Protein chains: 2
Amino acid sequence: MTPKQERAVRTRERLVASAAEAFDRHGFTAASLTAISRSAGVSNGALHFHFESKEALAVAVEAAAAARVGALAEVAAGSEGPAIQALVDASHRLVRLLREDVVVRAGFRLGGDLSASVVDSLPLLWHRGVVGLLDKARREGALTAGVSPGDAAAAVVAVVVGCDVLARTDEEWLSSGVLAGFWRLLLPRLAAGPVESGQLTCGAA
Amino acid sequence: MTPKQERAVRTRERLVASAAEAFDRHGFTAASLTAISRSAGVSNGALHFHFESKEALAVAVEAAAAARVGALAEVAAGSEGPAIQALVDASHRLVRLLREDVVVRAGFRLGGDLSASVVDSLPLLWHRGVVGLLDKARREGALTAGVSPGDAAAAVVAVVVGCDVLARTDEEWLSSGVLAGFWRLLLPRLAAGPVESGQLTCGAA
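Figured I'd write up the structure that's included with this text. Just so we're clear, the structure is a prediction, and the values are computed from it rather than from any experiment.

**Here's the deal with the packing of helix α5 (residues 83-100) of chain A against helix α9 (residues 176-190) of chain A**
Residue and element names in this part refer to chain A.
Next up, step 1: Taken N-terminus to C-terminus, the directions of α5 and α9 make an angle of 160 degrees; their axes are 11 Å apart at the nearest point. The orientation of α5 relative to α9 falls into the category roughly antiparallel. By crossing handedness, the relation of α5 to α9 is classed as right-handed. Residues Ile84, Leu87, Val88, Ser91, His92, Val95 and Arg99 of α5 lie in contact with α9, whose contacting residues are Ser176, Leu179, Ala180, Trp183, Leu187 and Leu190.
Next up, step 2: Of the residues that constitute the contact of α5 with α9, the class distribution is nine nonpolar, three polar and one charged.

This is the structure we're talking about:
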């Protein structure tokens, strides 16, 4: 890249980060483009050079968040240990991203605001990753007989999405402690033997 | 009440219902007071006679929703059967309200939008009811040893809140089937004996 291209890439990244901050704090509708360009340290004109509308900025935030959540799901899918442990670890990594990474947090929350998103919604991406890991666990013979992988996937997805929403009024909901409590509850039902023998752990890695 | 007072009560109720529709569809920020008064069939002046601001309308929606969720929790707390079954049934009733009652749905969703609400948030009210029922179950000796009532309460609350959010893009998440699947997963962990002997059921009553 030429120095000019590099500058453009950095400007674009700063705009996406500023937009994520604004969407996370005020929601899509109330977020102001002027405030976004100001906090990114660029002119309104530069903003419109990179993004033709607030919708385009929101799509860029969702795409950046999707890349991070997709990477997390890919690492989990490629993990060599038991798939159930990879799922527990991935959920902790996701909750940590929701706590610490404003792009991921805003991306998750935009899913509900934008009626026609051009990228897959973040919860859908997470759901697909969870279904894949539980299917792998089933093939490993690691799921307790009678447990439906579909029921388990829905519970894991809904709990993370629910904790994210509840954390807007009490951030404790996105602590690793709350998530570990969920796994203490669920793991013995999913895979009784390995939990009792200490092969699986509920906490953040 | 005089006929004039009765009319005022009905006007107020219509405004709360119209506001709930608008908040549910567009969110608090984007909802328009003019559209709300028009769909309630009253003048802008009448709206401002009853509610001094959009915030005041939102508080009224939250209070109306809180009354319905509070009633549901009270019925569950006073139930004579096993507390765990009362909890399963209450969760199905709440999910049905979220599906069918726009005031409850809007009330739940406003919780995240209003930074300083004067009424307890709906999820908090639901959390309190769930904690009470699980505590009753513990006193009945119905909870499996080693299960933390706090972990179980957090999971039940987060799952319902999560399903509500996920239903904005796919309404299947608020079906009684998804919730029954969650209970099929969780109940054998909470109370193995009564589930095996068929004393507890996972579906909607």
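Resuming the write-up.
**Examining the relation of the copies chain A and chain B**
Next up, step 1: Between chain A and chain B, which share one sequence, the superposing operator has a rotation angle of 180 degrees and an axial displacement of 0.0 Å; the RMSD is 0.0 Å. Within this description, the copies of the chain are treated as partners about a two-fold rotation axis. Taking C-alpha positions as the reference, the residue of chain A nearest the rotation axis is Gly162(A), at 1.8 Å.
Next up, step 2: A symmetric contact is evident, with 100% of the interface residues of chain A recurring at the interface of chain B.

**Let's talk about the interface of chain A and chain B**
One frequently used descriptor of interface size is the decrease in accessible area upon assembly of the parts.
Next up, step 1: Listed by partner, the interface residues are 28 residues for chain A and 28 residues for chain B.
Next up, step 2: Taken over both partners, the interface formed by chain A and chain B buries close to 2,300 Å², and the fraction arising from carbon and sulfur atoms is 76%.
Next up, step 3: Ranking the residues of chain A by area buried against chain B places Asp151(A), Leu185(A) and Arg189(A) at the top, with a combined share of 26%.
Next up, step 4: Across the contact surface, chain A and chain B share two salt bridges.
Next up, step 5: Where Arg184(A) meets Asp151(B), a salt bridge forms, and the shortest distance between an N and an O atom there is 3.1 Å.

Analysis parameters
- Residues numbered from 1 in each chain as written.
- Chains lettered and ligands numbered in written order.
- Predicted model: local features only at pLDDT ≥ 70, side-chain atom pairs only at ≥ 80, totals over all residues.
- Heavy atoms only, no water.
- Axes fitted to C-alpha atoms, helices over the stretch in contact; angles between N-to-C directions.
- Helix = DSSP H or I, 4+ residues; strand = E, 2+ residues; numbered from the N terminus.
- Parallel < 35°, antiparallel > 145°, perpendicular 65-115°, else oblique.
- Left-handed = near helix turned anticlockwise from the far one by under 90°.
- Contact = heavy atoms within 4.5 Å.
- Nonpolar A, V, L, I, M, F, W, Y, C, P; charged D, E, K, R; others polar.
- Least-squares fit on C-alpha atoms with pLDDT ≥ 70 in both.
- Buried area = accessible area lost by both parts, 1.4 Å probe.
- Salt bridge = Lys/Arg side-chain N within 4 Å of Asp/Glu carboxyl O.

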